[in-house]
Amino acid sequence: MTTQTNGVFDRTPLIAGNWKMNMDHSQGIALVQKLAWTLKDAKHDYSRAEVVVFPPFTDLRSVQSLVEGDGLQIKYGAQDLSDQDKGAYTGDVSGEFLAKLGCSYVLVGHSERRLIHHESDELCRDKVRAAVRHGLIPMLCVGEGLEERQAGNHVQYTLEQLRGSLADLGAGELEGLVVAYEPVWAIGTGEVAGPEDAQEMAAAIRAELEKLYGADFARATRILYGGSVKSSNVASIMAEPDVDGALVGGASLDAEEFAKIARFVQHLVTDK
Ligand SMILES: O=C(CO)COP(=O)(O)O
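The chain goes by Triosephosphate isomerase in an unreviewed UniProt entry, where it is assigned to Kocuria varians. In its Sequence similarities (unreviewed entry) section, the UniProt entry covering the chain states "Belongs to the triosephosphate isomerase family." Quoted verbatim from the Catalytic activity (unreviewed entry) field of UniProt, the annotation for the chain is "D-glyceraldehyde 3-phosphate = dihydroxyacetone phosphate".

1. Here's the deal with the environment of Arg-114
Tracing the sequence through the fold places Arg-114 in helix 4 (residues 111–116). According to the relative accessible area criterion, Arg-114 is buried, its value standing at 10%. A C-alpha to C-alpha distance of 21 Å links Arg-114 and Val-229, two positions 115 residues apart in sequence. In this view, Arg-114 contacts Gly-109, Glu-119, Asp-121, Cys-124, Leu-140, Cys-141, Val-142, Gln-161 and Ser-165; residues no more than four positions away in its chain are not counted.

2. Comments concerning the pairing of strand 7 (residues 222–226)
Burial runs high along strand 7: 5 of the 5 residues are buried. Here strand 7 shows no split at all, with Arg-222, Leu-224 and Gly-226 on one side and Ile-223 and Tyr-225 on the other all buried. Where strand 6 (residues 178–181) lies against strand 7, 4 bridges are found, and the strand directions are parallel. By the bridge assignment for strand 7, Val-178 is matched with Arg-222. Two elements, strand 7 and strand 8 (residues 245–248), share 2 bridges in a ladder whose sense is parallel.

3. Quick notes on the layout of surface pockets
What the largest pocket holds in volume is close to 440 Å³. Ranked by the residues each element gives to the lining of the largest pocket, the list is headed by helix 4, at 3 residues.

4. Observations regarding the site of the ligand
In the vicinity of the ligand lie 14 residues, with Lys-20, His-110, Gly-188, Ser-228 and Gly-250 positioned nearest. Here Lys-20 contributes a side-chain N or O atom positioned 2.8 Å from an oxygen atom of the ligand. Here an oxygen atom of the ligand and a side-chain polar atom of Glu-182 are 2.9 Å apart. Considered on its own, the ligand offers 310 Å² of accessible surface; in the complex 95% of this is hidden by protein. Tallied by class, the residues present in the shell around the ligand amount to 5 nonpolar, 7 polar and 2 charged.

5. As for the UniProt feature "active site" (unreviewed entry) in the chain
Listed under "active site" (unreviewed entry) in the UniProt record, and renumbered for this structure, are His-110 and Glu-182. The greatest C-alpha distance among the residues just named is 8.3 Å, despite their covering 73 residues of sequence, which places them together in space. Checked against the lining of the largest cavity, the annotated residues just named reduce to Glu-182. With respect to the helices, strands and loops of the structure, His-110 is situated in the loop between strand 4 (105–108) and helix 4. If near-sequence neighbours (up to four positions away) are discounted, His-110 is found in contact with Asn-18, Lys-20, Cys-141, Glu-182 and Ile-187. Along the chain, Glu-182 turns up in the loop between strand 6 and helix 8 (195–213). For Glu-182, a relative accessible area of 6% corresponds to the buried category. If sequence neighbours within four positions are ignored, Glu-182 has contacts with His-110, Cys-141, Val-142, Gly-143, Ile-187, Gly-226, Gly-227 and Leu-247.

6. A closer look at the sheet that holds strand 6
An order of 1-2-3-4-5-6-7-8 is seen for the 8 strands of this closed barrel, with the pairing classed as parallel. Adjacent strand axes in the sheet meet at a mean angle of 25 degrees, parallel and antiparallel pairs treated alike. Contacting strand 5 (137–142) and strand 6, helix 7 (residues 154–166) crosses the sheet at an angle of about 150 degrees to strand 5.

7. Description of the UniProt feature "binding site: substrate" (unreviewed entry) in the chain
Here the UniProt feature "binding site: substrate" (unreviewed entry) sits at Asn-18, Trp-19, Lys-20, Gly-188, Ser-228, Gly-249 and Gly-250. Annotated residues spanning 233 residues; largest pairwise C-alpha distance 13.7 Å, indicating a single compact cluster. When the annotated set is filtered for residues lining the largest pocket, what remains is Asn-18 and Lys-20. As for its placement among the helices and strands, Trp-19 is situated in the loop between strand 1 (14–18) and helix 1 (25–41).

What counts as what
Throughout, residues of each chain are indexed from 1 in the direction in which the sequence is written. In keeping with the model being predicted, local features are shown solely for residues with a pLDDT of at least 70 and side-chain atom pairs are shown and tallied solely at 80 or more, while totals for entire chains, interfaces and linings include all residues. Working from all heavy atoms in the structure, the side-chain values ignore hydrogens and water. UniProt positions are given in the numbering used here, feature names are shortened, and annotations may be inferred rather than shown by experiment. A run of H or I in DSSP becomes a helix once it reaches four residues, and a run of E becomes a strand once it reaches two; helices and strands are each numbered from the N terminus. The rule is simple: take the accessible area with a 1.4 Å probe, protein chains only, and divide by the maximum for that residue type; under 20% is buried, over 50% is exposed, in between is partly exposed. The contact criterion used is simple: two residues touch if any of their non-hydrogen atoms lie within 4.5 Å. At least two DSSP bridges between two strands are needed for those strands to be called paired. Cavity: a set of points on a 1 Å grid over the protein atoms alone where a 1.4 Å probe fits but cannot get out. Pocket: an open set with protein on both sides within 12 Å along at least five of seven lines, its lining residues, like those of a cavity, having an atom within 4 Å of a point. Grid points are joined across faces, edges and corners, and a volume is the space filled by probe spheres set on the points. Whether a residue is near a molecule or strand depends on its heavy atoms: it is near if one of them lies within 4 Å of it. Each polar contact in these results corresponds to two N or O atoms within 3.5 Å; when the atoms are within protein, one needs to be able to donate a hydrogen and the other to accept it, and residues that are neighboring in sequence are counted only if both atoms are side-chain atoms. Computed with a 1.4 Å probe, the accessible areas rest on the Shrake-Rupley method; for each residue, only the protein chains presented here act as cover. Asp, Glu, Lys and Arg are counted as charged, while Ala, Val, Leu, Ile, Met, Phe, Trp, Tyr, Cys and Pro are counted as nonpolar; the rest, among them Gly, fall into the polar class. Lines are fitted to the C-alpha atoms to define the axes, a helix being fitted only along its stretch in contact, and any angle between axes, read from their N-to-C directions, falls within 0 to 180 degrees.

Spelled out as structure tokens, the structure:
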């Protein structure tokens, strides 16, 4: 990933849409089609801002057919995966199956999984490992709640999550890793972390990655911000040197708004 730069480093910005539990497969196809058309009309350059969607599992086969059939440059991934490859794990989905569906990425440890499904750092680590085993790029989500933010422990808390979710994994296994910083208090609330908050954490995450895996790894790793990102606030967040993209929830369900976010980012990169 060395095409366009974000600030100082060679990192292609990444705009990702996490649909969460929204959009059945026919709605999902319509959304991807509209997104692709909107970006095409705007002459979006995907090499300057990568665009990825994370539909529900049940949409993935339909999205694959559309993307492959129409030769779209939009990439897609799953919102979760099992830490196991196959067997008696009712309701779970293997990374092997996701790879067969053409997924490029997979979210690991989204706060809604950590909080609602009580996923531990250790489980997230095993999921990261499963993703890598099947050639999927893990997009590891970390971020503090309101309590840690108010107590001023947010950096320490988030870095602990990061270390725990990557424990015992080597740099060689993690090529392409993406980290998404999503403060829980900013998700779906309309509260956005200030650009300086996003930068503070992104820089701390990068410094930690450097400690763990060395400078080259840290420099190459993309760190996204997520939490109430919209076309009206993405520019200021992306202006920060360590923020390489956005993980967008609600606003990614509106093709025009999501395309606008991707377009803004592409322009920022071009103009930097
Ligand atoms: O959780 C998020 C993306 O993964 C953020 O969601 P919102 O953009 O709806 O706040």
